[in-house]
Amino acid sequence: MSPAGLAPHDPVRSPDAGPTRPDEGALPLPDADVIAQPGPLLTTGHRADVFVLDDHTVLRRYRSGEDASAEVEVLRHVSGHGFPAPAVFAAQGPDLVMERLHGPTLLQALAAGEVSLPDGAAILLDLHERLHAVPAPGAARAGEVVVHLDIHPGNVVLSEARGPSLVDWASARAGTAALDVAVTSLLLGEVAVDADGDYSKGARALLAAFATRSPVSPLDTLEEAVAARSACPSRLPEEIALISQAAALVRELMRVSH
């Protein structure tokens with residue numbers, strides 16, 4: 001793929017989406033040679049790496065070379081409904097040129113004591129509620145909404161421009177709100193039950209505040225979430241064991257709270 005072939009994307013908006021964000025389509029794309037040889041690695045996720053292009057844009061590149069069009073469409077859909085997510089300026093193949101969000105992650109802010117655990121849980125709950133108000137695109141089943149399936153403090157950027165914003169949409173699809181809540185509960189639980197982890201105690205408190213205050217219970221879809229989390233072929237046996245322990249912790253916390 002030639003970097004010069006990156007295709008700009010015009011934002012798709014619904015009639016009730018509200019005003020267009022001022023950054024959509026307002027920035028010139030970086031030169032092709034900048035995209036071909038991006039700047040330093042900004043962060044890395046489970047499936048993609050994010051590189052600095054300039055002060056306004058980043059390059060998100062799938063390591064497997066897989067096509068990123070599904071992620072692009074979800075991002076355009078949720079942004080069109082006013083959900084806080086980075087804008088996509090251009091995309092082709094495994095590469096997305098995206099808006100660079102400035103600010104710490106929620107994980108960094110929690111670790112630094114800049115955000116309290118109750119406030120951190122409130123941010124996660126609010127993002128879930130707002131996202132699950134977005135209807136699923138296309139021919140979705142009744143009751144399905146857009147689900148992210150990877151909402152955790154490391155994927156929330158406390159953006160200077162628009163507040164808490166959600167990144168890393170590689171797993172997003174149509175699904176039930178309960179499954180999204182269950183996955184987030186497991187993700188927090190896996191950190192909480194990891195005795196060797198630096199954040200286990202804080203993660204347990206954050207999980208308790210999140211799961212017990214959520215208007216959507218994680219219990220009905222917890223086994224489905226466990227199966228989804230365990231299905232990755234590269235997952236190690238000790239990682240799968242943490243998932244099972246995390247599920248047990250979620251059940252315990254929900255039982256105690258009720």
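For clarity, every value in this text was computed on a predicted model and none was experimentally measured.

(A) The arrangement of the overall build of the protein chain in detail. Counting its secondary structure elements, the protein chain contains eight helices and 10 strands. Across the 258 residues in the protein chain, those meeting the buried criterion constitute 47%. In the form shown here, the protein chain has an accessible surface area of approximately 12,300 Å², with 55% of it arising from carbon and sulfur atoms.

(B) Focus on the packing of aromatic side chains. On inspection of all chains with the given rule, the structure shows one aromatic pair. Between Phe-83 and Trp-169 the ring centres are 5.8 Å apart and the planes differ by 85°, which places this aromatic pair in the edge-to-face class. A residue pair is termed long-range when its members are at least 10 positions apart, and Phe-83 in the loop between α2 (69-80) and β5 (88-92) and Trp-169 in the loop between β9 (163-166) and β10 (173-175) qualify at 86 residues. Pair check on accessibility: Phe-83 and Trp-169 agree, each one buried. In this structure, Arg-60 packs its charged tip against the face of Tyr-62, placed 5.5 Å from the ring centre.

(C) Here's a closer look at the pattern of salt bridges. One pass over the structure, following the stated rule, counts 11 salt bridges. Among the ionic pairs, Asp-95 bridges to Arg-61, the shortest N-O distance being 2.8 Å. In this pair, Asp-95 is assigned in strand β6 (residues 95-99) and Arg-61 in strand β4 (residues 57-62), connecting sequence segments 34 residues apart. Owing to a relative accessible area of 3%, Asp-95 belongs among the buried residues under this scheme. Across the pair Glu-223 and Arg-251 runs a salt bridge, and its minimum N-O distance is 2.1 Å. With Glu-223 in helix α7 (residues 222-230) and Arg-251 in helix α8 (residues 237-257), the pair connects residues that are 28 residues apart, well separated along the chain. Salt bridges sharing partners connect three or more residues here, namely Arg-60, Glu-71 and Asp-168.

(D) Spotlight on the side chain of His-132. If you trace the backbone, His-132 turns up in the loop between α4 (117-131) and β7 (145-147). The residues contacting His-132, other than those within four sequence positions of it, are Val-145, Val-146, Val-147, Ala-177, Asp-180 and Val-181.

(E) Quick look at the nonpolar core. Counting 61 residues, the largest nonpolar core has Val-78, Leu-96 and Trp-169 as its most contacted members. Per-element accounting of this core gives the leading share, nine residues, to helix α5 (residues 177-192). Residues Ile-35, Ala-87, Phe-89 and Ala-90 belong to the second largest nonpolar core, which totals eight residues.

(F) Inspection of helix α6 (residues 200-213) at higher detail. Helix length check: α6 (14 residues) gives 20 Å between terminal C-alpha atoms against 20 Å at 1.5 Å per residue, within 8%. Along α6, the residues that are buried comprise Ser-200, Ala-203, Leu-206, Leu-207, Ala-209, Phe-210 and Ala-211. Along its buried surface, α6 packs onto α3 (106-111), α4, α5 and α8.

(G) Representation of unusual backbone geometry in the model. Not every positive phi belongs to a glycine, and Leu-149 is a case in point at roughly 65°. Along the polypeptide, Leu-149 turns up in the loop between β7 and β8 (156-159).

(H) Spotlight on the pairing of β9. Sheet analysis places β8 next to β9, joined by four bridges and oriented antiparallel. Directly across from Val-157, in β9, lies its bridge partner Ser-165. As consecutive antiparallel partners, β8 and β9 are separated by three residues.

(I) Quick peek at the environment of His-77. Checked against the element boundaries, His-77 lands in helix α2. As a C-alpha pair, His-77 and Pro-135 span 58 residues in sequence and 9.2 Å in three-dimensional space. Ignoring anything within four residues of it in the chain, the contact list for His-77 reads Val-134, Pro-135, Ala-136, Pro-137 and Val-146. There is a polar contact of 2.7 Å between the side chain of His-77 and the backbone oxygen of Pro-135.

(J) Inspection of α2 at higher detail. Compared with the 16 Å implied by 1.5 Å per residue over 12 residues, the 16 Å span of α2 between its first and last C-alpha is a close match. By the criterion of burial, α2 is predominantly enclosed, with nine of the 12 residues buried. Considered for burial, the residues of α2 that qualify are Glu-71, Val-72, Val-74, Leu-75, Arg-76, His-77, Val-78, Ser-79 and Gly-80. Of the surrounding elements, those touching the buried residues of α2 are β4, β5, β6, α4 and β7.

Thresholds, definitions, all that
- Residues numbered from 1 in each chain as written.
- Predicted model: local features only at pLDDT ≥ 70, side-chain atom pairs only at ≥ 80, totals over all residues.
- Heavy atoms only, no water.
- Helix = DSSP H or I, 4+ residues; strand = E, 2+ residues; numbered from the N terminus.
- Buried < 20%, exposed > 50% of the residue type's maximum accessible area, 1.4 Å probe, protein only.
- Areas by Shrake-Rupley, 256 points an atom, 1.4 Å probe, with all protein chains shown as cover.
- Phe/Tyr/Trp six-rings, centres within 6.5 Å; stacked < 30°, edge-to-face > 60°.
- Lys NZ or Arg CZ within 6 Å of the ring centre and 35° of its normal.
- Salt bridge = Lys/Arg side-chain N within 4 Å of Asp/Glu carboxyl O.
- Contact = heavy atoms within 4.5 Å.
- Core = buried A, V, L, I, M, F, W, Y, C linked by side-chain atoms within 4.5 Å.
- Expected span 1.5 Å × (residues − 1).
- Pairing = 2+ DSSP bridges.
- Polar contact = N/O pair within 3.5 Å; in protein donor to acceptor, adjacent residues only side chain to side chain.

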